[in-house]
Amino acid sequence: MILVKDIPQVPLRTAIFKLLKDGQEHNVYGDVPEDGAFPYITLGAMNFRPVGNKTSVIWQATAAIEVWADGNQKRELNDILNDICILLSYYGQL
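Just so you know, these numbers come straight off a predicted model, no measurement behind them. (Residues numbered from 1 in each chain as written. Predicted model: local features only at pLDDT ≥ 70, side-chain atom pairs only at ≥ 80, totals over all residues. Heavy atoms only, no water.)

A.B. asks: Could you give an account of the packing of aromatic side chains, with specific residues and numbers?
C.D. replies: One pass over the structure, following the stated rule, counts 5 aromatic pairs. Between the aromatic rings of F48 and W59, the centroid separation amounts to 6.4 Å while the plane-to-plane angle is 85°, which identifies the pairing as edge-to-face. Linking F48 in strand β2 (residues 40-50) with W59 in strand β3 (residues 59-68), this pair joins segments that are 11 residues apart in sequence. The pair F48 / W59 is uniform in exposure class, with both members buried. Taken together through their ring pairs, the aromatic side chains of Y29, F38, Y40 and W68 make up a single cluster. (Phe/Tyr/Trp six-rings, centres within 6.5 Å; stacked < 30°, edge-to-face > 60°. Helix = DSSP H or I, 4+ residues; strand = E, 2+ residues; numbered from the N terminus. Buried < 20%, exposed > 50% of the residue type's maximum accessible area, 1.4 Å probe, protein only.)

A.B. asks: Pulling in residues and values, what's your account of the side chain of Q24?
C.D. replies: If you trace the backbone, Q24 turns up in the loop between α1 (9-23) and β1 (27-29). At 2.6 Å, the side chain of Q24 and the backbone oxygen of L20 are in polar contact. Here the side chain of Q24 touches H26 through a polar contact of 2.9 Å, landing on its backbone nitrogen. Beyond its immediate sequence surroundings of up to four residues, Q24 is in contact with I41, D83 and L87. (Polar contact = N/O pair within 3.5 Å; in protein donor to acceptor, adjacent residues only side chain to side chain. Contact = heavy atoms within 4.5 Å.)

A.B. asks: Tell me about the pattern of salt bridges, and name the residues and values.
C.D. replies: On inspection of all chains with the given rule, the structure shows 1 salt bridge. Close ionic contact of D22 with K18 constitutes a salt bridge, the shortest N to O distance being 2.5 Å. Within this pair, D22 and its partner K18 are both found in helix α1, separated by 4 residues, close to a single helical turn. Each member of the pair, D22 as well as K18, carries the same accessibility label: exposed. (Salt bridge = Lys/Arg side-chain N within 4 Å of Asp/Glu carboxyl O.)

A.B. asks: Can you break down the sheet that holds β3 residue by residue, with the values?
C.D. replies: Reading across the sheet, the 3 strands line up as β1-β2-β3 and stay open at both edges, with mixed pairing between neighbours. Two strands close off the open sheet at either side, each with one partner strand: β1 and β3. Taking the axes of each pair of neighbouring strands and ignoring which way they run, one obtains an average angle of 30° across the sheet. Taken together, the 9 bridges between β2 and β3 define a ladder with antiparallel strand orientation. If you follow Y40 over to β3, its bridge partner there is W68. Here α1 sits on the sheet and contacts β1, β2 and β3; the angle it forms with β2, its principal contact strand, is near 150°. (Pairing = 2+ DSSP bridges. Axes fitted to C-alpha atoms, helices over the stretch in contact; angles between N-to-C directions.)

Pasting the structure below:
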């Protein structure tokens, strides 16, 4: 039996943060800033569920990527979300 002990939260969160920060021009924060200028991106909750078997440890991970904008920035919001989808689609395949 394999023990479930190493949840890959920190490496995955770090990788997503770096990908978002390097891959587009908007500010990325770990938490909602007190004085952040809209629009910006934060990393929200992450959930991990072991889906392995008796011989391997496999994790299913979900991560919330939150984009914050004011009421007049709907187009910018959609552009940021599109950029995030492209980044994750392209680099998620490597």
